[in-house]
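# Residue-level structural notes
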Amino acid sequence: MSFHDDDGVSNASANPSFEEICLKRRRLLQGSGAALAVTLTGVPMAMSFLPGQALAAQPPTSADVGLIGFANIAPSTEDTVRVPPGYTASVLFAWGDPVSNGPVFRQDASNTAAEQALQAGMHHDGMHFFPMWNVDRGVPVASSTHGLLAINHEYTDDGLLHTDGMKTWSAEKVRKSQAAHGVSIIEVKLVNGQWQVVRPSTYGRRITAYTPIALSGPAAGASGMKTAADPAGQEVLGTLNNCANGATPWGTYLTCEENWNGYFGKSSGDPSALEKRYGIAAAGAGYRWHEFDERFDTARHPNEPHRFGWVVEIDPYDPQAKPVKRTALGRIKHEGATCTLAADGRAVVYMGDDERFEYIYKFVSRYRADIANKAACATLLDEGTLYVARFDASGKGVWLPLVHGQNGLTAANGFADQADVLVKTRLAADKVGATKMDRPEWIAVNPHNKDVYCTLTNNSNRGTGSNAAPDAANPRARNVFGHIIRWAESGADAAATSFEWNIFVQCGDPDLGDSSKAGNIQGAAHKFGSPDGLWFDERGVLWIQTDVSTSTLNAGDYKNIGNNQMLAANPVTGEIRRFLTGPAGCEITGVTSTPDLRTLFINVQHPGEPASERSDPDKPKAVSSWPDGAAGGRPRAGTVVIRRNDGGVIGS
Ligand code: FEO
Ligand code: CA
Ligand code: CA
Ligand code: CA
């Protein structure tokens, strides 16, 4: 069973056309002379080095060469977190730990749903550190010893969540699963060299799959958003499958609804064309919520799915603030929402839609962000333009606006108004001719030159028909290991409507002896695959986290790669070193630091996950006993703190 990773394909559209790709490829080959090696399929092999000179990155300097200072560590299959010599990793906040002075975790998973709603959810993912602000001689200073962590809880392994797993099923178990989804806000403090969760805390709170959340932007109140429980279409209960994240310059958290389709089932009838385009299946994906919570039955509540698949904005500093779903940012399987500022100060949010053959998006706000005035930014993400990316084989690209009335997004073509364009974002992107990508995951912006990087985690099955041919931006026919693409917006302006792109790295393992899987990783890391988490620290180090599926971890093409891991890349020289390896059966995802870069927080998601992605409640520690070891009853996802033993800057 694979209900989390996106083995399915929902995009049956024909864009860009096969003929168009072939034509562009011919033009490229004609124009580039003998310098290009060409594979048997006609795809240029050296694509990653072609348009690169045009990107904003500068030639290496001595400072760039010294950007990464730690010693590379080897791959590992050990059931522990390993970090380089001179570093220490410790667990801060694991599934079931109270967010404030709530109930403690019971190792047999006998906490009730009501207790779970006061504790860390399962399967930690994207995360951001929001500093407390001190005033020093009248000047606000961001603390690096005291702040708030906002942490996503992506999904649940119900084999571990309940004492007897899913052997029996009940409304209480559905409620507990819903309570283990969403977001945690916790207050954290460095005391005597140790980070700890502050308990009690007025900031500590949980947002779950049933917390009231406001709808805003063009789709709020639209007819397609109205349900029996919410006839005005203005308020949704809950956020779920919160994957990657973003943070705004005005101090709010963005959490993203990714594989939300899997929670819906249909008690009668077949899924509609729109439901199929978003991967909604009659049987659901194994969460079984629709059996006891009727709003997840699309036969009874056909508009309820329209209320998921959005980016949600949360103010972590105000525990009373109601979260808001920002519909202007589109409805997709949102991986992350990376926020930056355009040259003129407008907010720009980059977003991937993680499924095979889906697209990369960005939103540009209509108004400038007054980042020192949070109240002034309260509706900033409600008005603006949503774009989708087209990557041309020439090494250039275009942002295509998804605006009603433009590019065929008309009533005659099935888009009644802008709200309809947003509810059907994937269909709109099909219509304007976006480029299908190899599973867009996280996006990161280089703070020094504004280049944008996106992980394309893998795509090992292109199938047949319009999807079958690789293209310049997704150049491997069987992309088992994934790649990282990058682009420079015209004028280094995030609001630009054109860009130049190249491939930063093709992941792989040269030790397999298969040139189609070797990749081109530079530096001591030598081999890794399935890049997912991606983040630039303020020094300009690009941190990469991997999510090799537990069905392939340490087997087959991944036999030499070890457990999921985190690496650091120098974006100028391309050098990559391995910084951290995780425990057995985990994914490493979520990364943030204190402003002084001397504390790094990362998440270990689903340690102990078996290949089936659902644990056997009779053998909960079959794969991993991290982090509690012999004393624990089951593995637990957790936030890990990493410090240098000498207190220095992480990674330097
Ligand atoms: Fe939740 Fe695409 O990772
Ligand atoms: Ca991810
Ligand atoms: Ca992934
Ligand atoms: Ca995973």
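Summary of the structure given here. (Residues numbered from 1 in each chain as written. Chains lettered and ligands numbered in written order. Predicted model: local features only at pLDDT ≥ 70, side-chain atom pairs only at ≥ 80, totals over all residues. Heavy atoms only, no water.)

## With respect to the coordination of the calcium ion (ligand 3)
Within the protein, the atoms that donate to the calcium ion (ligand 3) are Glu441 (OE), Asp532 (OD) and Asp547 (OD), at distances of 2.3 to 2.4 Å. Each donor residue of the calcium ion (ligand 3) lies on one chain, and together they are spaced E-x90-D-x14-D. A distance of 3.8 Å spans the gap from the calcium ion (ligand 3) to the calcium ion (ligand 2), which glutamate 441 bridges by coordinating each metal. Highlighted residues: glutamate 441 in strand S20 (residues 440-445) and aspartate 547 in the loop between strand S25 (542-546) and strand S26 (565-569), separated in sequence by 106 residues. Both residues of the pair, glutamate 441 and aspartate 547, belong to the buried class. (Donors = N, O, S within 2.8 Å, 3.2 Å for Na, K, Ca; no water. Helix = DSSP H or I, 4+ residues; strand = E, 2+ residues; numbered from the N terminus. Buried < 20%, exposed > 50% of the residue type's maximum accessible area, 1.4 Å probe, protein only.)

## Quick word on helix H5 (residues 171-179)
Within H5, the full set of buried residues consists of Lys173, Val174, Lys176, Ser177, Gln178 and Ala179. Elements in contact with the buried residues of H5: helix H3 (113-116), helix H4 (158-161) and strand S6 (205-207). (Contact = heavy atoms within 4.5 Å.)

## Quick look at the sheet that holds strand S24 (residues 531-536)
The four strands lie next to each other as S24-S25-S26-S27, forming an open sheet whose pairing is antiparallel. Both outer strands of the open sheet, S24 and strand S27 (576-581), are each paired with one neighbouring strand and no more. Between one strand axis and the next, the sheet turns by 25 degrees as a mean value, whatever way the strands run. Summarising the sheet, S26 and S27 pair through five bridges and their orientation is antiparallel. Note that in S27 the partner of methionine 566 across the bridge is leucine 580. (Pairing = 2+ DSSP bridges. Axes fitted to C-alpha atoms, helices over the stretch in contact; angles between N-to-C directions.)

## Topic: the coordination of the calcium ion (ligand 4)
The coordination sphere of the calcium ion (ligand 4), as far as protein atoms go, consists of Asp547 (OD), Glu587 (OE) and His606 (NE2), spread over 2.0 to 3.0 Å. Each donor residue of the calcium ion (ligand 4) lies on one chain, and together they are spaced D-x39-E-x18-H.

## A closer look at the sheet that holds strand S9 (residues 242-247)
Strand order in this open sheet of six strands is S8-S7-S12-S11-S10-S9, and the pairing throughout is mixed. A strand with exactly one partner marks an edge of an open sheet, and here the two such strands are strand S8 (235-237) and S9. Between one strand axis and the next, the sheet turns by 35 degrees as a mean value, whatever way the strands run.

## Looking at unusual backbone geometry
Note: most peptide bonds trans; most residues except glycine with negative phi. Here the amide bond leading from arginine 199 into proline 200 is cis, since omega sits at -5 degrees, within 30 degrees of zero. Residue placement: proline 200 occurs in the loop between strand S5 (194-197) and S6. Here the bond from tryptophan 626 into proline 627 is cis, since omega is 0 degrees, no more than 30 degrees from zero. Within the secondary structure, proline 627 sits in the loop between strand S29 (599-605) and strand S30 (638-644).

## Observations regarding the nonpolar core
Counting 55 residues, the largest nonpolar core has Met351, Tyr361, Val388 and Leu402 as its most contacted members. Contributions of two or more residues to this core are made by strand S10 (253-257), strand S14 (346-352), strand S16 (360-368), strand S17 (384-391), helix H7 (418-423) and helix H8 (425-432). Considering every element that reaches this core, the biggest residue donor is H7, with four residues. Core analysis: the second largest hydrophobic core is formed by 25 residues, Ala342, Ile360, Tyr387 and Leu456 among them. (Core = buried A, V, L, I, M, F, W, Y, C linked by side-chain atoms within 4.5 Å.)

## Description of the pattern of salt bridges
Working definition: two side chains of opposite charge can pair if their charged atoms are close together. Taken as a whole and judged by the stated rule, the model has 39 salt bridges. A salt bridge links arginine 636 to aspartate 97; the nearest nitrogen and oxygen atoms lie 3.1 Å apart. Placement of the pair is arginine 636 in the loop between S29 and S30 and aspartate 97 in the loop between strand S1 (87-94) and H3, with a sequence separation of 539 residues. When its relative accessible area of 17% is taken as the criterion, aspartate 97 is described as buried. With its nearest N and O atoms 3.5 Å apart, the salt bridge here joins arginine 426 to glutamate 355. One end of the pair, arginine 426, is in helix H8; the other, glutamate 355, is in the loop between S14 and strand S15 (356-358), and 71 residues separate them in sequence. With relative accessibility at 0%, the residue arginine 426 sits in the buried group. Owing to a relative accessible area of 1%, glutamate 355 belongs among the buried residues under this scheme. Here the salt bridges share partners, and the residues they tie into one network are Arg277, Lys333, Asp353, Glu355, Glu358, Arg426 and Asp430. (Salt bridge = Lys/Arg side-chain N within 4 Å of Asp/Glu carboxyl O.)

## Concerning the packing of aromatic side chains
Tallying each qualifying case throughout the model produces 30 aromatic pairs. With a centroid separation of 6.0 Å and 85 degrees between ring planes, the pair formed by phenylalanine 129 and tryptophan 195 is classed as edge-to-face. One end of the pair, phenylalanine 129, is in strand S2 (residues 124-136); the other, tryptophan 195, is in strand S5, and 66 residues separate them in sequence. Classification of tryptophan 195 by relative accessible area gives buried; the value is 9%. Judged by centre distance (5.2 Å) and plane angle (75 degrees), the ring pair of tryptophan 289 and phenylalanine 296 falls under edge-to-face. (Phe/Tyr/Trp six-rings, centres within 6.5 Å; stacked < 30°, edge-to-face > 60°.)

## Notes on the side chain of histidine 162
Here histidine 162 shows up in the loop between H4 and H5. Apart from the residues lying within four places of it in its own chain, the contact partners of histidine 162 are Ala109, Trp169, Lys173, Lys176 and Arg634.

## Examining the environment of proline 84
Structurally, proline 84 can be placed in the loop between helix H2 (62-65) and S1. Of the residues examined, proline 84 reaches a relative accessible area of 1% and is grouped as buried. Along the sequence, proline 84 and phenylalanine 579 sit 495 residues apart, while their C-alpha atoms lie 6.2 Å from each other.

The quantities given are spatial measurements derived from coordinates; they are silent on function.
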